[in-house]
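# Understanding the architecture of this molecule
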Amino acid sequence: MSRRLFIKILIALGFGAYFPKLAEASRLDELHTPQDGYEPLTSVKFLRQVITKDSRASRMIMWQSDSAEEFSLEYQLVGEEAAHFAQVVPHEKIYSCALEKLKPASLYKFRIVAGERATSWQDLRTSGDGNFQMLIFADSQCEHYEIWQRTADTAAENFPDAELVTVIGDLVDNGEADYQWRAWHLAATKLLRGKIFAPVMGNHECYGVDWFNALPTGYLEQFTLPDNGAKNFGGYFYSFDYGAAHFIALNTQFTELDKLKPGLQDAQNFFLRRDVANTNRPWKIVFMHKDIYDYAQDKFNDIAEKFLELFDELAIDVVFTGHLHTYRNRGKIFARKKSSQGTTYILCGRAGDQKYVEPHSTIDDVTFPNLREEPESFIVLNVAADELHLTARTVDGKILDDLTLKKNLHSQ
């Protein structure tokens, strides 16, 4: 029996809570440093800033605490003396606070307060309309989360000015296992400090502890996401503006969810057409977990059947996918053929320790040469109104891909 199968059996039997915890203290020291005469508030863990519909004027702050306390959130615009307090909403062990009416392109600081104790001040920067950099990961799921930590820390250390972070699905190996979420957040501590996180749901977020398909309750508890207007699918998909780009996070978990919660495809089709019609940003970028290609049969798959023609119709600029744990650049595809126009399709490599080996295909413009030795990787995306520049990079610094896309703003 493999160790991975053994772990799955233990989780199914309810023993996941007894796994050894990672060393939280060293990862959370900066958060727990006392400030301004307050005692350190050490019960706050896994602080994250979650994307909102309008990142220029709002932010969702979330954290976890194992102790029931009366928390408040204090924040102020850097350079001003006045401080403000915002209401905190408890959800069992997870807390959230929505900050509204912020000034665009501005630096704030905030901290969590409970009585005479407080966390350290944290940076919060609202977006503007100018250039920005983001970090893109996929499949951070792990048996050993120190691998995800290494990937995340490498990106954070080498690209400290990145403002936005996404993981395109399969954040954790089992979406209903609390110890997996704790391990994931702890590993991502340095990466997410001062950055905005925009998660994407994957199929592993839709597994219960018995490894059968399940509603993604763990994922939805971890992240309060922008409203998509769909009554039955809040948090399953969403969109947001950031700088010169409009981002759309779609859901590809039809196999896992259709019997449990039917109507996902129709809800997304309605949302996507209305959403794209209402955006005025130069770039339209899609994130979705499952990929459009079946490498075993060397042809487009069922996900392509659902989305390719729609992406052509809506003139989506770039689609980032995951799920296959390998980096591939397909270039532009239009009407199901390689083209000089149309949508650019990028399959992101894995950020965790689960390795797959997918064969080469003629659809790929860029493929890692030694598929059995492909290391963890991530993407650095620099966004300007007239240009996207993508660099795919491994954890050991090897450049997998370097791609620039231009936008003719005068033709729009």
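Residues numbered from 1 in each chain as written. Predicted model: local features only at pLDDT ≥ 70, side-chain atom pairs only at ≥ 80, totals over all residues. Heavy atoms only, no water.

We now examine the pattern of salt bridges. All chains considered together, the criterion is met by 21 salt bridges. With a closest N to O distance of 2.3 Å, Arg150 and Glu376 form a salt bridge. Of this pair, Arg150 sits in helix H3 (residues 146–158) while Glu376 sits in the loop between strand E23 (366–367) and strand E24 (377–384), placing them 226 residues apart in sequence. Note on Glu376: relative accessible area 6%, which makes it buried. Each of Arg56, Asp129, Asp241 and Arg281 takes part in a single network of salt bridges with overlapping partners. (Salt bridge = Lys/Arg side-chain N within 4 Å of Asp/Glu carboxyl O. Helix = DSSP H or I, 4+ residues; strand = E, 2+ residues; numbered from the N terminus. Buried < 20%, exposed > 50% of the residue type's maximum accessible area, 1.4 Å probe, protein only.)

For helix H4 (residues 178–187), the tally of buried residues reaches nine of 10 residues, placing the bulk of the element in the interior. Within H4 the residues assigned to the buried category are Tyr179, Gln180, Trp181, Arg182, Ala183, Trp184, His185, Leu186 and Ala187.

Looking now at the pairing of strand E19 (residues 318–321). Where a strand is regular, its side chains alternate between the two sheet faces. By the alternation rule, side chains of E19 split into Val318 and Phe320 and Val319 and Thr321, which are all buried. As defined by bridge partners, strand E16 (residues 283–287) adjoins E19 across three bridges and the pair is classed as parallel. Across the sheet, Ile285 pairs through a bridge with Val318, a residue of E19. (Pairing = 2+ DSSP bridges.)

Let's shift gears to the nonpolar core. Of all hydrophobic cores here, the largest spans 103 residues; its most connected members are Trp148 and Phe320. When residues no more than four places from it in sequence are discounted, the contact partners of Trp148 are Phe137, Ser140, Cys142, Val167, Trp184, Ala187, Ala188, Leu191 and Ala351. (Core = buried A, V, L, I, M, F, W, Y, C linked by side-chain atoms within 4.5 Å. Contact = heavy atoms within 4.5 Å.)

With that settled, consider the sheet that holds strand E12 (residues 164–167). Read across the sheet, 10 strands follow the order E6-E7-E3-E2-E13-E12-E11-E24-E25-E26 without closing on themselves; strand pairing throughout is mixed. Pairing within the sheet leaves two strands with one partner each, and these edge strands are strand E6 (89–91) and strand E26 (399–406). Pairing of E24 with strand E25 (residues 387–394), which is carried by eight bridges, proceeds in the antiparallel orientation. Bridge pairing links Asn382 to His389 in E25. Packing against the sheet, H3 makes contact with strand E11 (132–137), E12, E24 and E25, and its axis sits at approximately 165° to E11. Sheet contacts for H4: strand E2 (45–50), strand E3 (59–64), E12 and strand E13 (196–197); angle to E2, the most-contacted strand, approximately 75°. (Axes fitted to C-alpha atoms, helices over the stretch in contact; angles between N-to-C directions.)

With 14 residues, helix H8 (residues 264–277) extends 20 Å between its outermost C-alpha atoms, agreeing within 8% with the 20 Å of an ideal straight helix rising 1.5 Å per residue. Three or more residues of H8 are buried, namely Leu264, Gln265, Ala267, Gln268, Asn269, Phe271, Leu272, Asp275 and Val276. In this fold, the buried residues of H8 make contact with strand E14 (238–242), strand E15 (245–249), helix H7 (254–257), E16 and helix H9 (302–314). (Expected span 1.5 Å × (residues − 1).)

We now examine empty space enclosed by the protein. Per the counting criterion, the structure on display carries three cavities of 30 Å³ or more. Each pocket or cavity is described by its volume, and for the largest cavity that value is around 180 Å³. If you go around the largest cavity, you meet 15 residues; those closest to its centre are Leu47, Arg48, Thr189, Leu192 and Arg193. For the lining of the largest cavity, the elements supplying multiple residues, two or more each, are helix H2 (24–28), E2 and helix H5 (189–192). (1 Å grid on protein atoms, 1.4 Å probe; cavity = no way out; pocket = protein on both sides within 12 Å on 5 of 7 lines; lining within 4 Å. Points joined across faces, edges and corners; volume = space filled by probe spheres on them.)

Attention now moves to the packing of H8 against H9. One way to put it is that H8 packs onto H9 with a least axis distance of 11 Å and a crossing angle of 10°. Considering the angle they form, H8 stands roughly parallel to H9. Note that H8 runs across H9; the crossing there is right-handed. The segment H8 lies against H9, with Gln265, Gln268, Asn269, Leu272, Arg273 and Val276 engaging Lys306, Phe307, Leu310, Phe311, Glu313 and Leu314. When its residues are assigned to classes, the contact of H8 with H9 shows six nonpolar, three polar and three charged. (Parallel < 35°, antiparallel > 145°, perpendicular 65-115°, else oblique. Left-handed = near helix turned anticlockwise from the far one by under 90°. Nonpolar A, V, L, I, M, F, W, Y, C, P; charged D, E, K, R; others polar.)

Across the chain, pLDDT averages 93, with 93% of residues at or above 70. Considering only residues more than four positions removed or in separate chains, one finds that residues 9–22, a stretch of pLDDT under 50, has 16 contacts. (pLDDT = per-residue confidence, 0-100.)

To continue, consider the environment of Asn228. Take Asn228: it is sitting in the loop between helix H6 (217–222) and E14. Overall, the relative accessible area of 4% leaves Asn228 in the buried class. Distance in space between the C-alpha atoms of Asn228 and Leu47 is 24 Å, their sequence separation being 181 residues. Here Asn228 is in contact with Phe233, Gly234, Gly235, Tyr236, Phe237, Tyr238, Phe271 and Arg274, once residues within four sequence places are set aside.

Another aspect to go through is unusual backbone geometry. Across the chain, the bulk of peptide bonds are trans and the bulk of non-glycine residues have phi less than zero. The backbone of Asp139 sits at a positive phi, close to 55°, despite the residue not being glycine. For Asp139, the position within the fold is in the loop between E11 and H3. Although it is not a glycine, Asp298 adopts a positive phi angle of roughly 55°. Among the secondary structure elements, Asp298 is positioned in the loop between strand E17 (293–294) and strand E18 (299–300).

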